[in-house]
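Chain by chain, the residues run as shown.
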Amino acid sequence: MTIQHDRRSVDRLIHDTLAVVMAGGRGTRLYQLTARHSKPAIPFGGKYRIIDFTLSNCLNSGINKICILTQYHAHSLIQHIERGWSFYRYELGEFIELLPAQKRLETSSWYLGTADAVYQNFDIILDHRPSYILILGGDHIYKMDYGMLMATHIENNADVTVGCIEVPLSEASDFGLMLVDETGRVIGFQEKPSRPEPMPGQSDTALASMGIYLFTTEFLVKVLEDDAKNTSSNHDFGKDIMPAIYKEHRLFACPFNDLQSGEKGYWRDVGTVDAFWEANLELIGVTPPLNLYEQDWPVRTYHPQLPPAKFVFDDDGRRGMAVDSMVSAGCIISGAIVRHSLLSSDVRINDYSLIEDSVILPGVRIGSNCIIKRAIIDSHCNIPDGTIIGKNPDEDRKRFHVTPKGVVLVCPEML
C-alpha cells in the first residue's frame, strides 16, 4: 500500500486512531524558561506554543481523538488548550482530553517514564476503543502528515512503526538511533552512542528516532503490561520498550519527508536554550526551513485579542523600525531598532534601544537606550533603561544564564 494509491483506506484507519501526546516534560535543560511552564507550553515562533505544532499535525492529518498527558507545571498548558483548542465536538467523535497525573494505580507513583505515563492512563485510553494508538511528544517543532506513518504501518503489517529522521553522523550521538535493514525493518537500537552507525548505503548519515510511535492497540497493551512487571525497567519507550521488543516483533521505521518536496523533513528538538534560540531565529530567514506561511498546513494556536504591531517615530537616530525580523501582534517599537530578531506578542521597545539576533517572548517591556544582542528575554521581563545584554559575557554571567554558544537567557527573577 502507498499513500498515493490508497489514501482513502489510510483515512479510514486514521479515524480509528487515538493520539496520546506526552506533555508533562520538565525541560530542565531550558533552565528558568520552564520555571513556570512545562516544556510544551513555552511560547515559540512569535504567537505559538510548542505543543501547537504537534496538535496541528494531528488536526491536519485528520486525527481528531487526542489525549494529552500532563504532569509538571501544567496550569499554563491546560489554560492554553482550553482557550485555543476547545473547538472539537465530542458528539461527532472528536475530542481533546487533558489527563493530569493522578497516581491512578494503587501501587503507582508519579510517572516514572513515558511508557509508565501511558500505562497509568490505560483505563481512559482504552475506553475510547481505538484500533491504533499514536504516541507523540508535545515538545518538538515540525510539520508531519501522520498518514505516512499509518501507510507504512499497514503496508508492513507492523506491530510498531517509529517515526524517524536522518541526521548527520557527526551529530548522531545526541539521539537514539535505529538500525534498519533494506526493507526498513528495525534490527537494532543505539541510545546516544559514542560511535554511531550510519544508515544502510550511507557513510555520513544516521537514522534517529523522533519519539513518534504507532502501535496496534492490542500489541501496546501486552507490551506495557509486561514492562510494568519489570522492576529493572525505566519504563520509557525509547530506552526500554523498543530495545526489548524489536528482535521478536515487527518494528519498522518510517522516514520523515517534507510534505511537498519529498526531501528530509524539518524537525527540531528545542530542548536546550541554544536549540530554542536557533529554531526561533530560523523562522525569520528569507526561505526558512520551516515555512509558517503555507496555507495548506496551518499551525493553529490561541490568539489573544491584540491590535496590529506599530512602529512609531521617524527621526534621525530615533526611528521605529524592524529589519529581517518577525514582529507579532500588539508590539510597539517606539523609536528603536530591531534587527534579525523575533518579537512575540505584546512587546514594547522604547526610544534609542537596539535589539539584534534576539528572541523576545510575550509581554516584555524594554526601556530606553538598551542594547540587547544574542539573547532570549523571557515572558514579562521588564528591562530597565540603559541595560546592556550580550556585549560582555563576563558581566552577563554575573546576572544571567549564558549558554555554551554565548546566548544570554534573561528571566524575570534575574532582574
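Residues numbered from 1 in each chain as written. Predicted model: local features only at pLDDT ≥ 70, side-chain atom pairs only at ≥ 80, totals over all residues. Heavy atoms only, no water.

1. Here we look at the overall build of the protein
A tally of helices and strands in the protein yields 10 helices and 31 strands. The C-alpha radius of gyration of the protein comes to 22 Å, within 12% of the 22 Å expected for a compact globule of 415 residues. For the C-alpha atoms alone, the extent of the protein along its principal axes is close to 70 × 50 × 45 Å. On the protein, roughly 19,000 Å² of surface is accessible, and the fraction owed to carbon and sulfur atoms is 47%. (Helix = DSSP H or I, 4+ residues; strand = E, 2+ residues; numbered from the N terminus. Rg over C-alpha atoms; globule rule 2.2 N^0.38 Å. Areas by Shrake-Rupley, 256 points an atom, 1.4 Å probe, with all protein chains shown as cover.)

2. Digging into the packing of aromatic side chains
How two aromatic rings sit relative to each other is set out by the distance from centre to centre and by the angle between their planes. All chains considered together, the criterion is met by 13 aromatic pairs. Measuring from ring centre to ring centre gives 6.0 Å for Phe44 and Phe276, while their planes differ by 70 degrees; the resulting arrangement is edge-to-face. Taken together, the residues Phe44 in strand 2 (residues 43-44) and Phe276 in helix 9 (residues 273-282) connect sequence positions 232 residues apart. Across this residue pair, the class does not change: Phe44 and Phe276 are buried. Measuring from centroid to centroid gives 5.7 Å for Phe189 and Tyr246, while their planes differ by 55 degrees, and the two rings are tilted. Taken together, the positions of Phe189 in strand 10 (residues 186-191) and Tyr246 in the loop between helix 8 (237-245) and strand 12 (251-255) put the pair 57 residues apart, joining distant regions of the chain. Judged by relative accessible area, Phe189 falls into the partly exposed class, the value being 23%. Each residue in the set Phe44, Tyr48, Phe53 and Phe276 is aromatic and connected to the rest through ring pairs, giving one cluster. (Phe/Tyr/Trp six-rings, centres within 6.5 Å; stacked < 30°, edge-to-face > 60°. Buried < 20%, exposed > 50% of the residue type's maximum accessible area, 1.4 Å probe, protein only.)

3. Observations regarding the pairing of strand 6 (residues 132-137)
Most of strand 6 sits out of view: six of its six residues are buried. Here strand 6 shows no split at all, with Tyr132, Leu134 and Leu136 on one side and Ile133, Ile135 and Gly137 on the other all buried. As judged from the six bridges shared by strand 1 (residues 17-22) and strand 6, these two strands associate in the parallel manner. Residue pairing in the sheet places Val21 in a bridge with Leu136 of strand 6. For strand 6 and strand 11 (residues 205-216), the ladder comprises four bridges, and the chain directions are antiparallel. Its bridge partner lying in strand 11, Ile135 is registered against Tyr213. (Pairing = 2+ DSSP bridges.)

4. A look at helix 7 (residues 217-228)
Under the 1.5 Å per step criterion, the end-to-end length of helix 7 is 16 Å for 12 residues, consistent within 8% with the ideal 16 Å. For helix 7, the complete set of buried residues consists of Thr217, Phe219, Leu220, Val221, Val223, Leu224 and Asp227. Structurally, helix 7 contributes buried residues whose contacts are with helix 4 (114-120), helix 5 (122-127), strand 6, strand 8 (160-168), strand 11 and helix 8. (Expected span 1.5 Å × (residues − 1). Contact = heavy atoms within 4.5 Å.)

5. As for the sheet that holds strand 20 (residues 337-339)
Taking strand neighbours across the sheet as the criterion, the five strands line up as 17-20-23-26-29 in an open arrangement whose pairing is parallel. In the strand order of this sheet, the two ends are held by strand 17 (321-323) and strand 29 (388-389), each with one partner. In this structure, strand 20 lies alongside strand 23 (residues 354-356), joined through three bridges in parallel fashion. Pairing of Ile337 across the sheet is with Leu354, part of strand 23.

6. Structural notes on the pairing of strand 10
Bridging between strand 9 (residues 176-180) and strand 10 involves five bridges; their strand directions are antiparallel. Residue pairing for strand 10: Leu179 is matched across the bridge by Gly188. Hairpin remark: strand 9 followed by strand 10, antiparallel, with five residues in the connecting loop; positive phi at Gly184, about 95 degrees.

7. Here's the deal with the nonpolar core
As a rule of thumb, nonpolar side chains are buried together in soluble globular proteins. By size, the foremost hydrophobic cluster in this structure holds 51 residues, and its most contacted members are Phe44, Phe276, Ile366, Ile376 and Ile377. Broken down by secondary-structure element, the contributors of at least two residues to this core are helix 9, strand 21 (342-343), strand 24 (359-360), strand 27 (375-377) and strand 31 (408-410). Broken down by element, the residue count for this core peaks at five residues, all from helix 9. Ignoring any residue separated from it by four or fewer positions in sequence, one finds Ile366 in contact with Arg348, Ile349, Asn350, Ser353, Ile355, Ile360, Ile372 and Ile383. (Core = buried A, V, L, I, M, F, W, Y, C linked by side-chain atoms within 4.5 Å.)

8. Some remarks on the pattern of salt bridges
The tally for this structure, following the rule as stated, stands at 19 salt bridges. Glu294 is the partner of Lys143 in a salt bridge, and the nearest nitrogen-oxygen pair spans 3.3 Å. Here Lys143, found in the loop between strand 7 (140-142) and helix 6 (146-155), pairs with Glu294, found in the loop between helix 9 and strand 14 (310-312); they are 151 residues apart in sequence, far enough to count as distant. Between Arg365 and Asp346 there is a salt bridge, and its shortest N-O distance comes to 3.4 Å. Of the two residues, Arg365 is situated in strand 25 (residues 365-366) and Asp346 in the loop between strand 21 and strand 22 (348-349); the sequence distance between them amounts to 19 residues. Judged by its relative accessible area of 28%, Arg365 falls in the partly exposed class. By relative accessible area, which is 21% here, Asp346 ends up partly exposed. Linked by salt bridges that have partners in common, Arg36, Asp378 and Glu413 make up one network. (Salt bridge = Lys/Arg side-chain N within 4 Å of Asp/Glu carboxyl O.)

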